Amino acid sequence: MDKFSARAAPRFHVSTHLSPGADIDLPERASKHVAVLRLRQGDEITLFNGEGGEYRAVLTRLARGHAGARVTGWIEVERESQLDITLAQCISSGDRMDLTLQKATELGVRTIVPLESERSVVRLSAERAERRLAHWRNVVLAACEQCGRNKAPPVLAFEPLHTWLMTVAGQGAPATRVLLSPDAGGGFSSAPRNQKVLLLVG
């Protein structure tokens, strides 16, 4: 991934179409972040929506729980890894899952599949699973804002490990499948570029 300056304008994800000259309302999550950072009217920010590139913008309206901005330009830049990595991650407890998703996003993982295994400590009902998925997707968006990625990796709906393994086994032209081992002699640095990699962590 290209280097990203920590001194760049604050970055925010918006799930709306963007174009230079447009006046937009920032989503609630971004508006709260603007307040936390104590940004002011006229301050420059960077916006991205996952459609490619990123946009310069200027804050134009600030109120309690609300912020608006005007898009001033588009920058054709992407910071995606050359490796197409899918991370199949068995659900962990506490903040460990959040940290895993954050670092996976920062390292360039393209897709994240949360799995429930036989020895998983965390067991989620359907309702709790939906809430956790929403939370995990926000974790990924926040990581993209921090690390400079313009395309957030999707966090797929979680499923049992055995079900997922059966699905993978039935797929044609499989990706390179990797299980991590502390005794391994190689790493991703030796993998061919633009190769699909399926990484399972239990």
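The rules behind these values
Residues numbered from 1 in each chain as written. Predicted model: local features only at pLDDT ≥ 70, side-chain atom pairs only at ≥ 80, totals over all residues. Heavy atoms only, no water. Helix = DSSP H or I, 4+ residues; strand = E, 2+ residues; numbered from the N terminus. Buried < 20%, exposed > 50% of the residue type's maximum accessible area, 1.4 Å probe, protein only. Areas by Shrake-Rupley, 256 points an atom, 1.4 Å probe, with all protein chains shown as cover. Pairing = 2+ DSSP bridges. Axes fitted to C-alpha atoms, helices over the stretch in contact; angles between N-to-C directions. Contact = heavy atoms within 4.5 Å. Salt bridge = Lys/Arg side-chain N within 4 Å of Asp/Glu carboxyl O. Core = buried A, V, L, I, M, F, W, Y, C linked by side-chain atoms within 4.5 Å. Parallel < 35°, antiparallel > 145°, perpendicular 65-115°, else oblique. Left-handed = near helix turned anticlockwise from the far one by under 90°. Nonpolar A, V, L, I, M, F, W, Y, C, P; charged D, E, K, R; others polar. Arc of directions from axis to C-beta.

1. Some points on the overall build of the protein
Okay, so step 1: Looking only at helices and strands, the protein features four helices and 10 strands.
Okay, so step 2: Helices and strands appear in the protein in the N-to-C order β-β-α-β-β-β-β-α-β-α-β-α-β-β.
Okay, so step 3: Sorting the 202 residues of the protein into buried and exposed places 39% on the buried side.
Okay, so step 4: Put simply, the protein shows about 11900 Å² of open surface, and 51% of that area lies on carbon and sulfur atoms.

2. Overview of the sheet that holds strand β3 (residues 44-48)
Okay, so step 1: As summarised here, the arrangement of the five strands in space is β1-β3-β4-β5-β2, forming an open sheet in which the pairing is mixed. Edge positions in the open sheet fall to β1 (11-13) and β2 (23-25), since each of these has one partner strand only. Strand-to-strand twist in this sheet, taken as the mean axis angle between neighbours without regard to direction, amounts to 40°.
Okay, so step 2: Strand direction decides the pairing type here: β2 and strand β5 (residues 66-75), joined by three bridges, are antiparallel. By the bridge assignment for β5, Asp 25 is matched with Gly 68.
Okay, so step 3: Across the sheet, helix α1 (residues 28-36) is in contact with β1, β4 (54-63) and β5; its angle to β1 comes to roughly 160°.
Okay, so step 4: Each of β1 and β3 touches helix α3 (residues 126-147); the most contacted strand, β1, lies at about 150° to it.

3. Digging into the pattern of salt bridges
Okay, so step 1: Under the criterion given, the structure shown has 11 salt bridges.
Okay, so step 2: Residue Glu 80 is joined to Arg 149 by a salt bridge in which the shortest nitrogen-to-oxygen separation is 2.7 Å. Placement of Glu 80 in the loop between β5 and β6 (84-90) and of Arg 149 in the loop between α3 and β8 (159-160) is noted, with a sequence separation of 69 residues between them.
Okay, so step 3: Using a relative accessible area of 22% as the deciding quantity, one classes Glu 80 as partly exposed.
Okay, so step 4: It is possible to trace a salt-bridge network through shared partners that takes in Arg 11, Glu 54 and Arg 79.

4. Observations concerning the nonpolar core
Okay, so step 1: Core analysis: the biggest nonpolar cluster contains 18 residues, and Ile 85, Leu 101, Val 109, Ile 112, Trp 136, Val 140 and Val 155 have the highest contact counts within it.
Okay, so step 2: Counting residues per element, the ones that place at least two in this core are β6, α2 (96-107), α3 and β10 (196-201).
Okay, so step 3: Counting residues per element, this core draws most heavily on α3, which supplies five residues.
Okay, so step 4: Contact partners of Val 140, with chain neighbours within four places excluded, come to Leu 101, Thr 105, Ile 112, Ala 152, Pro 153 and Val 155.
Okay, so step 5: By size, the runner-up hydrophobic cluster in this structure holds 16 residues, among which are Leu 26, Ala 30, Ile 45 and Tyr 55.

5. Some points on the packing of α2 against α3
Okay, so step 1: Running from amino to carboxyl end, α2 crosses α3 at an angle of 40°, the nearest separation of the two axes being 9 Å. Here α2 is positioned oblique relative to α3, judged by the angle of their axes. For the pair α2 and α3, the crossing hand works out as right-handed. Along its contact with α2, which presents Met 97, Asp 98, Leu 101, Gln 102, Thr 105 and Glu 106, the element α3 presents Arg 132, His 135, Trp 136, Val 139, Val 140, Ala 143, Cys 144 and Cys 147.
Okay, so step 2: Looking at the contact of α2 with α3 residue by residue, the class counts come to eight nonpolar, three polar and three charged.

6. Some remarks on α1
Okay, so step 1: Buried residues of α1: Ala 30, Ser 31 and Val 34, and no others. Burial along α1 is one-sided: seen end-on, the buried residues are contained in an arc of 100°. Opposite its buried face, α1 presents the exposed residues Glu 28, Ala 35 and Val 36, each directed more than 90 degrees away.
Okay, so step 2: Of the residues trailing α1, Arg 38 is marked for its positive phi of about 55°.

Fair warning: the whole summary comes from geometry, so function is off the table for now.
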